[in-house]
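# Structure at a glance
So you can see what is in the structure, the chains are spelled out below.
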Amino acid sequence: MAGIYIHIPFCKKACTYCDFHFSTSLKMKADFVEALIQEIELRKSVFSHQVISSIYFGGGTPSLLTEEELSHIFEKLHQSFKIDDDAEITLEANPDDLTEEKIQILRASPINRLSIGVQSFRDDDLRFMQRAHGADEAYKCIKLVQQAGFHNISVDLIYGTPGMTDEAWIQNLQTCFELHVPHISSYALTVEEKTPLHQQIKTKKLAPLSEEQSARQFELLMREMSHHGYEQYEISNFCKSNSYSKHNSSYWKKENYLGLGPSAHSFLGNVRLWNVSNNMKYIKSLSKKELPLEAENLSQVDRYNEYIMTSLRTKWGCSIQQLSADHPEELVAYFKQEIHCHVEEGSVIENRGIYTLSDSGKLLADRISSDLFSID
Ligand code: SF4
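The structure presented is a predicted model; accordingly, all values stated were derived computationally and were not measured. (Residues numbered from 1 in each chain as written. Predicted model: local features only at pLDDT ≥ 70, side-chain atom pairs only at ≥ 80, totals over all residues. Heavy atoms only, no water.)

## Let's talk about the site of the ligand
What surrounds the ligand is the set Cys11, Lys13, Cys15, Tyr17, Cys18, Phe22, Gly59, Gly60, Thr61, Asn94 and Arg131. Within the shell around the ligand, the residues separate by chemical class into five nonpolar, four polar and two charged. (Near = heavy atom within 4 Å. Nonpolar A, V, L, I, M, F, W, Y, C, P; charged D, E, K, R; others polar.)

In structure tokens:
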């Protein structure tokens, strides 16, 4: 099985914390769709012997695609790939795009899962993040998509926002529980280089974010999710009734995926590829039938590091059996030696050769992974 990721590089406005690739000018959207169709044509042979089990429209803001643009893309995908009848087909959507009319268009398309960029049900947070929607819109759009028959939905929430009290954070989560959202992805607000948020902090217009607040609110997140019957199947991803995201799971399980659109990454065997992060260059290159991508072969150590970083974040953990099957003995021995102190201090749990993070370890996931990394 394999997956396809499609990056839609347009947004109505720039959120203050975002460092994804996008443009707020929609002028090139029609040309982009044509370039995407050309890219699908040029890369369709990649999966000529594999069945596609998930397609994910991410961005940017894929809910900016019109009915015609979506059907044009789906027609080309179906002509070019063998898509499983049960494939998970997700579209990231922002609340301000989810009008009744738009929801009907999405419902009539092959899309069967929506990932909704709510981020918060509080106007103060949404204004701070410069989101294009308000709290009311966020709440109402979830009701509307459910009434329209979309039940496989995920909501994104951000914690650690300045001014967000612990009570307000719990209230945000409570709103999701009341709305019976089966899948929640939740991330701490982080300061990425070259974002407006980074600039505000650098020029002292805003105090640095509080690490204590983020850590506390992450603990509250785990506690509340567990109380309400959600499984934390990855550090930032929670679901009920096994409604795991097939797409995310394929990343963590090292399945092949093809990334289409500007800035999209692909992972094919032992090769990682990435497209140019520039809409104009992407369109120009594909108009000449040239793929705008670069590639690198992953070394043995790269693959080991990648496995450690992704597997430890999941409930399935890092398996000695898997490590031994895919990596040389010296890397397995290095892992056993380095993981030992984390097991001793209780941040990692070992059970029959499977290593997973404890709740306290989840707060230190990045540090633990980097302790385990090897260098070429
Ligand atoms: S809508 Fe999403 S991709 Fe666009 S700027 Fe905001 S966070 Fe970034």
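## A closer look at the environment of Asp19
Counting through the fold element by element, Asp19 comes out in the loop between β1 (2-8) and α1 (29-43). Of the residues examined, Asp19 reaches a relative accessible area of 44% and is grouped as partly exposed. (Helix = DSSP H or I, 4+ residues; strand = E, 2+ residues; numbered from the N terminus. Buried < 20%, exposed > 50% of the residue type's maximum accessible area, 1.4 Å probe, protein only.)

## Brief notes about the sheet that holds strand β13 (residues 318-319)
Two pairing modes exist for strands in a sheet, parallel and antiparallel, and in both the strands are linked by backbone hydrogen bonds. Read from one edge to the other, the open sheet built from three strands follows the order β13-β15-β14, with strand pairing classed as antiparallel. Two strands bound the open sheet, and with one partner strand each, they are β13 and β14 (348-351). Across four bridges, β14 lies against strand β15 (residues 354-357) in antiparallel orientation. When the sheet's bridge partners are listed, Val348 is paired in β15 with Leu357. (Pairing = 2+ DSSP bridges.)

## Some remarks on the domain arrangement of the protein chain
Taken domain by domain, the protein chain consists of domain 1 (2-252) and domain 2 (300-372). If you average the C-alpha positions of domain 1 and of domain 2, the two centres end up 29 Å apart. Contacts between the two partners involve 13 residues from domain 1, matched on the other side by ten residues from domain 2. In total, about 1,100 Å² of surface goes out of reach between domain 1 and domain 2, with carbon and sulfur atoms giving 64% of it. The interface formed by domain 1 and domain 2 holds two salt bridges in total. As a salt-bridge pair, Arg313 and Glu234 come within 2.8 Å of each other at their nearest N and O atoms. The interface formed by domain 1 and domain 2 includes seven residue pairs in polar contact (both at pLDDT 80 or more). Mapped onto the side of domain 1 that touches domain 2, the elements with two or more residues apiece are α8 (211-227), β7 (231-234) and α9 (246-252). When its residues are assigned to classes, the side of domain 1 that touches domain 2 shows seven nonpolar, three polar and three charged. (Domains from an automatic or database assignment. Contact = heavy atoms within 4.5 Å. Buried area = accessible area lost by both parts, 1.4 Å probe. Salt bridge = Lys/Arg side-chain N within 4 Å of Asp/Glu carboxyl O. Polar contact = N/O pair within 3.5 Å; in protein donor to acceptor, adjacent residues only side chain to side chain.)

## Some details on the side chain of Thr314
Checked against the element boundaries, Thr314 lands in the loop between α11 (300-312) and β13. Within polar-contact distance, the side chain of Thr314 engages the backbone oxygen of Ser311 at 2.9 Å. In this structure, Thr314 is in contact with Tyr233, Glu234, Trp252 and Thr356, ignoring residues within four places of it in sequence.

## Topic: helix α15 (residues 365-372)
For α15, the set of buried residues is Ala365, Ile368, Ser369 and Leu372. Looking straight down α15, one finds its buried side chains confined to an arc of 100 degrees; they lie on one side. Looking at the packing, one finds that the buried side of α15 touches α11, α13 (329-344), β14, β15 and α14 (359-362). (Arc of directions from axis to C-beta.)

## A few points about the packing of α11 against α15
Between two packed helices, what matters for the description is the angle formed by their axes and the separation of those axes. Interaxial distance between α11 and α15 falls to 10 Å at its minimum, and their mutual angle equals 155 degrees. Viewed along their axes, α11 and α15 adopt a mutual orientation that is roughly antiparallel. α15 is crossed by α11, and the crossing has right-handed handedness. Residues Tyr304, Ile308, Met309 and Leu312 of α11 pack against Ile368, Ser369 and Leu372 of α15. For the contact of α11 with α15, the per-class residue count stands at six nonpolar, one polar and no charged. (Axes fitted to C-alpha atoms, helices over the stretch in contact; angles between N-to-C directions. Parallel < 35°, antiparallel > 145°, perpendicular 65-115°, else oblique. Left-handed = near helix turned anticlockwise from the far one by under 90°.)

## Considerations on the pairing of strand β9 (residues 257-260)
Judged by which residues are buried, β9 turns out to be covered on both faces: Tyr257 and Gly259 on one side and Leu258 and Leu260 on the other are all buried. In the sheet, β1 pairs with β9 via four bridges, with the strands oriented parallel. Among the inter-strand pairings, Tyr5 is bridged to a residue of β9, identified as Gly259.

## Concerning the environment of Glu192
By secondary structure assignment, the location of Glu192 is in the loop between β6 (183-188) and α7 (196-202). A relative accessible area of 29% places Glu192 in the partly exposed class. A sequence separation of 173 residues divides Glu192 from Asp19, and the C-alpha atoms of the two residues are 6.5 Å apart. Residues contacting Glu192, with those up to four places away along its chain left out, are Tyr17, Asp19 and His198. Of the polar contacts made by the side chain of Glu192, one reaches the side chain of Thr190; its length is 3.2 Å.

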